[in-house]
Amino acid sequence: MIRMITLVLADCEMKISPEHIEKSRSRTDLVHFSLLLAQDSELAEERELRTIIHTRENKVYQFEADIEVPQKLEDFEDMLVKTYHGDLPEGITYSEETL
């Protein structure tokens, strides 16, 4: 039997625009750090952890168990801006909905 745990980071303060992340209204550092901690867990190593990020603007990013979060904050932010344009890395889904 395969078990899957879902970690939800709800109501995250991340303001993403087409060109960049608005630093004055975002705490991507906290989200990034939380994802790195989760990725370093035993559940993640066994591919049993899925992570969902929900922003205050009802944007939802789902990270499957096999996705590797970039180690550098700048690379993570670049990845988020790319997802805004539909350039999703394999293992990440994006939608706009309420949780």
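Everything that follows concerns the structure shown earlier in this document.
All of these numbers come straight from a predicted model, not from anything done at the bench. (Residues numbered from 1 in each chain as written. Predicted model: local features only at pLDDT ≥ 70, side-chain atom pairs only at ≥ 80, totals over all residues. Heavy atoms only, no water.)

(A) Here's a closer look at the pairing of strand β3 (residues 59–63). Across the five residues that make up β3, a large majority, four, are buried. Taken together, the four bridges between strand β2 (residues 49–55) and β3 define a ladder with antiparallel strand orientation. Counted as the bridge partner of I53 is Y61 from β3. Hairpin connection from β2 to β3: three residues lie between these consecutive antiparallel strands, with N58 at a positive phi of about 60°. Direction of pairing for β3 relative to strand β4 (residues 92–96): antiparallel, over a ladder of five bridges. Within β4, the position partnered with V60 by the bridge is S95. (Buried < 20%, exposed > 50% of the residue type's maximum accessible area, 1.4 Å probe, protein only. Helix = DSSP H or I, 4+ residues; strand = E, 2+ residues; numbered from the N terminus. Pairing = 2+ DSSP bridges.)

(B) Highlighting a negative patch on the surface. Together, D40, E42, E45 and E46 make up a negatively charged patch on the protein surface. For E45, the location among the structural elements is in helix α2 (residues 42–45). Relative accessible area serves as the criterion here: at 58%, E45 is assigned to the exposed category. (Patch = residues over 30% accessible without salt bridge, like charges linked within 9 Å, V, L, I, M, F, W, Y side chains within 5 Å. Areas by Shrake-Rupley, 256 points an atom, 1.4 Å probe, with all protein chains shown as cover. Salt bridge = Lys/Arg side-chain N within 4 Å of Asp/Glu carboxyl O. Lys, Arg positive; Asp, Glu negative; His and termini not counted. Charge placed at Lys NZ, Arg CZ, Asp CG, Glu CD.)

(C) Here's a closer look at the nonpolar core. Membership of the largest hydrophobic core comes to 18 residues, with the highest contact counts inside it found for M14, V31, I53, F63 and F76. For this core, the secondary-structure elements that each account for two or more residues are β1 (5–12), α1 (28–39), β3 and α3 (73–84). Of all the elements, α3 adds the most residues to this core, at four residues. (Core = buried A, V, L, I, M, F, W, Y, C linked by side-chain atoms within 4.5 Å.)

(D) Geometry of the layout of surface pockets. In this structure, the largest pocket encloses a volume near 180 Å³. Lining of the largest pocket is provided by 14 residues; of these, Q39, A44, E64, A65 and I67 occupy positions nearest its centre. At the level of elements, α1, α2 and β2 are the ones that each hand at least two residues to the lining of the largest pocket. In terms of residues, the lining of the largest pocket owes the most to one element, α1, which gives three residues. Looking at the lining of the largest pocket residue by residue, the classes come out as eight nonpolar, two polar and four charged. (1 Å grid on protein atoms, 1.4 Å probe; cavity = no way out; pocket = protein on both sides within 12 Å on 5 of 7 lines; lining within 4 Å. Points joined across faces, edges and corners; volume = space filled by probe spheres on them. Nonpolar A, V, L, I, M, F, W, Y, C, P; charged D, E, K, R; others polar.)

(E) Local environment of the sheet that holds β1. Spatially, four strands are ordered β1-β2-β3-β4 in an open sheet, and the strand pairing comes out mixed. What marks the edges here is a single partner per strand, and that holds for β1 and β4. The mean inter-strand angle of the sheet, taken between neighbouring strand axes irrespective of direction, is 15°. Relative to β2, β1 is paired through six bridges, and the arrangement is parallel. Note that in β2 the partner of C12 across the bridge is T55. In the packing of α3 onto the sheet, the strands contacted are β3 and β4, and the crossing angle to β3 comes to about 120°. (Axes fitted to C-alpha atoms, helices over the stretch in contact; angles between N-to-C directions. Contact = heavy atoms within 4.5 Å.)

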